[in-house]
Amino acid sequence: MIDSAEHFMQRALQLAAQARYTAAPNPMVGCVLVKHQQIIGEGWHQRPGGHHAEVFALQQAGAAAVGATAYVTLEPCSHFGRTPPCTNALIDAGISKVVVAMQDPNPLVAGSGIERLRAAGIVVEVGLLAAQAQQLNRGFISRMSRNRPFVQVKLAASLDGATALSNGASKWITAAAARADVHHQRAASQAILSTAQTVLRDDAQLTVRFANSEQAAAQPLRVILDRRAQLRPDQALFRCEGGPILLVYAEQTQPPATTWPAHVRWLNVAESAAGLDVNAVLSHLAVNEQINSVWTECGATLAGQLITQQLADELIVYLAPKLLGSQAQPLLALPTLTALNEATPLRFTDVQTLGEDIRITATVCYSDLSESATEGNRSVTS
């Protein structure tokens, strides 16, 4: 018999994660109802417009919910959206205690759900497994707190850090298992960011393609930076069955005068010597498209730009057991450094073997870079 509050919350987090491909733009939320140290109801939010996790759990528990404790991975909502407030459902069901992993960063909630429950006489505890809950919904948190999505940069390279031969040949550096994993990563994101150069070089479709139909319908928005309007409707990107496409042009650039498919839209943003204003693109995706997370597949230039401008949150690097030599194309285009404390610090968070290849996940630690620069300046002036 499970008797640990942490275990019950861990179960709620497992339930929430089942909506990895379907919950967005809403957060992933799980709920477990416990009475006399026994689980009497479970639920998770499956898709926008559907019941929230608390409602599913209450429906399963029925009348037994009176006097039970609810373990919820995110603060119950207190406002009317597509569905009624979950706080009302918990109060009406006679729940006596609610354990919340983390407060909702959505300004429409932001503590008001907790206050509503406490005002109704329900005991509320906040913070159990908060770090895990924040990791689960880091994209939603980013959109709500920073007005931009969580950005993952996908990189595939040989062991000596090359992405292609000097002549541009790159198919395939990684093997089938790594390439299949990329499709799962795409499906878990709401947008794929790339460039016209990448599309033209690879004749890329940038769609989600699984070996089975498990999540075949999960097609992200494809966002292509095409500041000089190089792309045309006859390319595979536009012909294939995939999600909508947003072409991003420079401020004064207009799309070519031709007939575009109905699922293609465009956006104009400012540009500088560094290229298009990617920060403006990300803000648009968060505010206007409700995108929580962006999966980036691009060349060394944009990948380097995202890191240099401190817009990349996480690197997903697929390393193949190959050596391509010193003349091969590099992984990233980054400025030349003159001191080691200028190097962008990373924190490895996961390493997995995928068939013949290795997938390394690393968080980009910009705060550490700022501290390192400060320490360097102190050393110079001391």
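Residues numbered from 1 in each chain as written. Predicted model: local features only at pLDDT ≥ 70, side-chain atom pairs only at ≥ 80, totals over all residues. Heavy atoms only, no water.

(A) Quick peek at unusual backbone geometry. Of the consecutive residues alanine 24 and proline 25, the connecting peptide bond is found in the cis state with omega at 10 degrees. Structurally, the position occupied by proline 25 is in the loop between helix H1 (5–17) and strand S1 (30–35). Non-glycine residue alanine 110 carries a positive phi angle of around 40 degrees. Topologically, alanine 110 is positioned in the loop between strand S4 (97–100) and helix H4 (112–119). Taking the relative accessible area as the measure of exposure, alanine 110 reaches 37% and is therefore partly exposed. (Helix = DSSP H or I, 4+ residues; strand = E, 2+ residues; numbered from the N terminus. Buried < 20%, exposed > 50% of the residue type's maximum accessible area, 1.4 Å probe, protein only.)

(B) The packing of aromatic side chains, seen in detail. Counted according to the given criterion, the structure contains 2 aromatic pairs. Arranged with centres 5.3 Å apart and planes meeting at 40 degrees, the rings of phenylalanine 8 and tyrosine 71 form a pair that is tilted. Remark: tyrosine 71 occurs in strand S3 (residues 69–72) and phenylalanine 8 occurs in helix H1; sequence separation between them is 63 residues. In this pair, the class of phenylalanine 8 matches that of tyrosine 71, namely buried. A centroid spacing of 5.2 Å and a plane angle of 70 degrees characterise the contact between phenylalanine 238 and tryptophan 260, whose relative ring orientation is edge-to-face. With phenylalanine 238 in helix H9 (residues 236–239) and tryptophan 260 in the loop between strand S10 (245–250) and strand S11 (264–269), this residue pair connects regions lying 22 residues apart in the sequence. Side by side, phenylalanine 238 and tryptophan 260 carry an identical accessibility label, which is buried. The ring of tryptophan 172 carries the charged tip of arginine 179 above its face, separated from the ring centre by 4.5 Å. (Phe/Tyr/Trp six-rings, centres within 6.5 Å; stacked < 30°, edge-to-face > 60°. Lys NZ or Arg CZ within 6 Å of the ring centre and 35° of its normal.)

(C) Main features of helix H10 (residues 278–287). The complete set of buried residues in H10 reads Val278, Val281, Leu282, His284, Leu285 and Ala286. At the N-terminal end of H10, a side-chain oxygen is found 3.2 Å from the backbone nitrogen of asparagine 279, two or three residues along, and the residue is aspartate 277. (Polar contact = N/O pair within 3.5 Å; in protein donor to acceptor, adjacent residues only side chain to side chain.)

(D) Looking closely at the pattern of salt bridges. Tallied over the full model, the rule gives 13 salt bridges. The salt bridge involving arginine 227 is made with glutamate 271; its shortest N-O contact spans 3.1 Å. Taken as a pair, arginine 227 in the loop between strand S9 (221–225) and H9 and glutamate 271 in strand S12 (residues 271–272) lie far apart in primary sequence, 44 residues in all. Exposure remark for arginine 227: the relative accessible area of 33% places this residue in the partly exposed category. Across the pair aspartate 350 and arginine 359 runs a salt bridge, and its minimum N-O distance is 3.4 Å. (Salt bridge = Lys/Arg side-chain N within 4 Å of Asp/Glu carboxyl O.)

(E) Structural detail: helix H2 (residues 53–61). Every buried residue of H2 is accounted for by Ala53, Glu54, Ala57, Leu58 and Ala61. End-on, the buried residues of H2 take up no more than an arc of 125 degrees, which puts them together on one face. Projecting away from the buried face of H2 at angles above 90 degrees are the exposed residues Gln59 and Gln60. The positive-phi residue at the C-terminal boundary of H2 is glycine 62, with phi of around 65 degrees. (Arc of directions from axis to C-beta.)

(F) Fine view of the nonpolar core. Leu33, Ala70, Ile95 and Val98 are the most contacted members of the largest nonpolar core, which has 35 residues in total. Elements with a contribution of two residues or more to this core: H1, S1, H2, S3, helix H3 (86–93), S4 and H4. The element best represented in this core is H1, accounting for 5 residues. Ignoring any residue separated from it by four or fewer positions in sequence, one finds leucine 33 in contact with Gln38, Ile39, Ile40, Gly41, Ala57, Leu58, Ala61, Ala65, Thr69, Ala70 and Ile95. Grouped together as the second largest cluster of nonpolar side chains are 34 residues, Leu193, Leu285, Ala303 and Leu315 included. (Core = buried A, V, L, I, M, F, W, Y, C linked by side-chain atoms within 4.5 Å. Contact = heavy atoms within 4.5 Å.)

(G) Structural context of the pairing of strand S6 (residues 150–158). Among the 9 residues of S6, 9 are classified as buried, and the element is accordingly described as predominantly covered. The pairing of S6 with strand S14 (residues 293–297) spans 5 bridges and is parallel. By the bridge assignment for S14, lysine 154 is matched with glutamate 297. Both S6 and strand S15 (residues 314–320) contribute to a ladder of 7 bridges, which runs parallel. Residue pairing for S15: lysine 154 is matched across the bridge by isoleucine 316. (Pairing = 2+ DSSP bridges.)

(H) Looking closely at the environment of arginine 116. Within the secondary structure layout, arginine 116 lies in helix H4. In sequence terms arginine 116 and cysteine 77 are 39 residues apart; their C-alpha atoms lie 9.6 Å from each other. If we ignore the near neighbours within four places in the chain, the residues touching arginine 116 are Thr87, Asn88 and Ile91. Of the polar contacts made by the side chain of arginine 116, one reaches the side chain of asparagine 88; its length is 3.3 Å.

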